[in-house]
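Understanding the architecture of this molecule
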Amino acid sequence: MTSVLCCWELGGGFGHLFRLAPIGLELVKRECQMVYAIPDVIHGVACLRNHAGQILRAPVWQTPLKAHPLSQTYSQNLLRNGYWHKESLRHQLQGWLALFDAWQPNVILAEHAPSVLLATRKSGIPCIAMGTGFSVPPLTTPMPGLQPWFTLPERYLIKREKEFLAYVNPVLQDLGIPVLTAVADIFEGAVQLLCTLPELDHYGARPDARYSGPVIYTPQDSETVWPSDKRDNIFVYIKPEHRFFRQIISLLKEMGLPAVAFAPGLGHEEQRALQGENLSISLHPVNLKEAATHCRLMISQGGHNAGALMLLAGAPLFICPGQLEQAVWAHRISAQGLGMTTCFFGPTADLKTRLEAMLSAGDIEDRVRSFAAKYATFDPIKQVAKIADQCLALSCT
């Protein structure tokens, strides 16, 4: 039996799990053993238990607190996530290597898991690096700047690469892992799966890239009562700790717009207090495919998977980014006229004015319809099957 180890290391939310789950389901149908090593075991059990052989906690970063500026490159983002601290990086790599030894997988599927990619440089286990454009960046030397609203000189990008290598290479050398000559070497030897589309790539369309398309997955067992039986509902997918969450909920009630909100982590008491005649709040994941047939617009923080599903179904996006990765993606979406965004750097937002403009923006609706028509033949089931094919092909090498 082929053993597949699915590893997720960095980032939060349901998107990473929802990207791995359908691939795991497909591989189980092909009689593979699925082992998951993930940071969010609680949500992982709920999402993966129907097919996972084992669900393990991924090695946990034990980095001391340190202030970092906003990341301007992929390597700076890794430093922010702990790569600056050599003992924590050592612990992380040793943890992954121990997992490899314990489970002896035939192939590894790494979803936003750069430490896994580094560890496979020693283990030699075949590996697929999959994810959005953010987690599978352009493999150039130096790597490009991450923030699209300004251009960085090449000398700055080279300096950031050297800084990263100075932190990481001594640890790799001590552990017997081949050192890096460039940041892009993190992906050396791994098959890269860019699970997005050119229009949805955080770095913009890459001329020579092979786009696999987004992995479209959503729970099917949830039923939602929509306030309107027409396709004029608003779907909100924002965490309660978001700075604009309560303002958005109040605004939708004030404007009388039919809406359903998914607010993971909201307490039951506040759920009851915030709901209204025209607005209901779910504490459990909503069937996004169903939501796409009922809503004219999604308001979100900028999650790639949910956003891609909505755009492919012809629903525009109104994005209120809560962190840099979401702000970068929101900028790309807005620049192409597939939605609007609030300013990530501003302390406040004129949400009512922006939302009213969004609801009356016929040109955005037209562009989203054109986008959906362009990819009307995209088949997420066939795409998942192709990824499973690649996993099994690699396991035989």
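Residues numbered from 1 in each chain as written. Predicted model: local features only at pLDDT ≥ 70, side-chain atom pairs only at ≥ 80, totals over all residues. Heavy atoms only, no water.

**So, the sheet that holds strand S11 (residues 317–319)**
The line we're drawing: Any two strands with at least two DSSP-identified bridges between them are counted as paired. Secondary structure elements are defined from DSSP: runs of H or I of at least 4 residues count as helices, runs of E of at least 2 residues count as strands, and each element is numbered from the N terminus. Structural elements are reduced to axes, namely lines fitted to C-alpha atoms, with helices fitted over the stretch in contact, and the angle between N-to-C directions of any two is expressed from 0 to 180 degrees.
Pairing in this open sheet of 6 strands is parallel, and the strands run S9-S8-S7-S10-S11-S12 from one edge to the other. One side of each edge strand has no neighbouring strand; the edge strands of this open sheet are strand S9 (279–282) and strand S12 (339–341). The sheet shows a mean angle of 15° between the axes of neighbouring strands, direction not considered. Pairing analysis gives 4 bridges linking strand S8 (residues 259–262) to S9, with the strands arranged parallel. Bridge pairing in S9 places Ala-261 opposite Ile-281.

**What about the pattern of salt bridges?**
Two side chains that carry opposite charge are able to pair once their charged atoms sit near each other. Applied cut-off: Any Lys or Arg side-chain nitrogen located within 4 Å of an Asp or Glu carboxyl oxygen qualifies as a salt bridge.
One pass over the full model with this rule turns up 13 salt bridges. In the salt-bridge network here, residues are joined through shared partners; they are Glu-26, Arg-30 and Asp-389.

**Overview of the sheet that holds strand S3 (residues 54–57)**
Stated formally: Throughout, a residue-residue contact means that at least one pair of heavy atoms, one from each residue, lies within 4.5 Å.
What the 6 strands build is an open sheet, ordered S3-S2-S1-S4-S5-S6; its pairing is parallel. The two strands at the open ends of the sheet, each matched to only one other strand, are S3 and strand S6 (191–194). Within this sheet the neighbouring strands show an average axis-to-axis angle of 20°, counted without direction. Pairing between strand S5 (residues 127–131) and S6: 4 bridges, direction parallel. Bridging across to S6, Ile-128 finds its partner in Val-191. Packed on one face of the sheet, helix H4 (residues 86–103) meets strand S1 (3–8), strand S2 (33–38), S3 and strand S4 (107–111) and runs near 160° to S1.

**Quick notes on the packing of aromatic side chains**
As a reminder, the rule being used: The aromatic pairing rule takes the rings of Phe, Tyr and Trp, using the six-membered ring of Trp, and pairs them if the centres are within 6.5 Å, calling planes under 30 degrees apart stacked, those over 60 edge-to-face and the rest tilted. Classification of residues uses two cut-offs on accessible area relative to the type maximum, computed with a 1.4 Å probe and protein chains only: under 20% is buried, over 50% is exposed, and between them is partly exposed. Note on criteria: charge over ring means Lys NZ or Arg CZ within 6 Å of the ring centre, with the direction from the centre no more than 35 degrees off the ring normal.
The final tally for this structure, using the stated rule, is 12 aromatic pairs. Centroid distance Phe-14 to Phe-262: 6.1 Å. Interplanar angle 50°. Geometry classified as tilted. One end of the pair, Phe-14, is in the loop between S1 and helix H1 (15–29); the other, Phe-262, is in strand S8, with 248 residues separating them in the sequence. A single burial state applies to Phe-14 and to Phe-262, both of which are buried. An aromatic cluster is defined as three or more aromatic residues linked by ring pairs; in this entry it consists of Phe-14, Phe-18, Tyr-217, Trp-226, Phe-235, Tyr-237 and Phe-262. The positively charged end of Lys-66 is found above the aromatic ring belonging to Trp-84, 4.4 Å away from the centroid. In this structure, Arg-160 is placed above the aromatic ring of Tyr-156, and the distance from its NZ or CZ to the ring centre is 4.7 Å.

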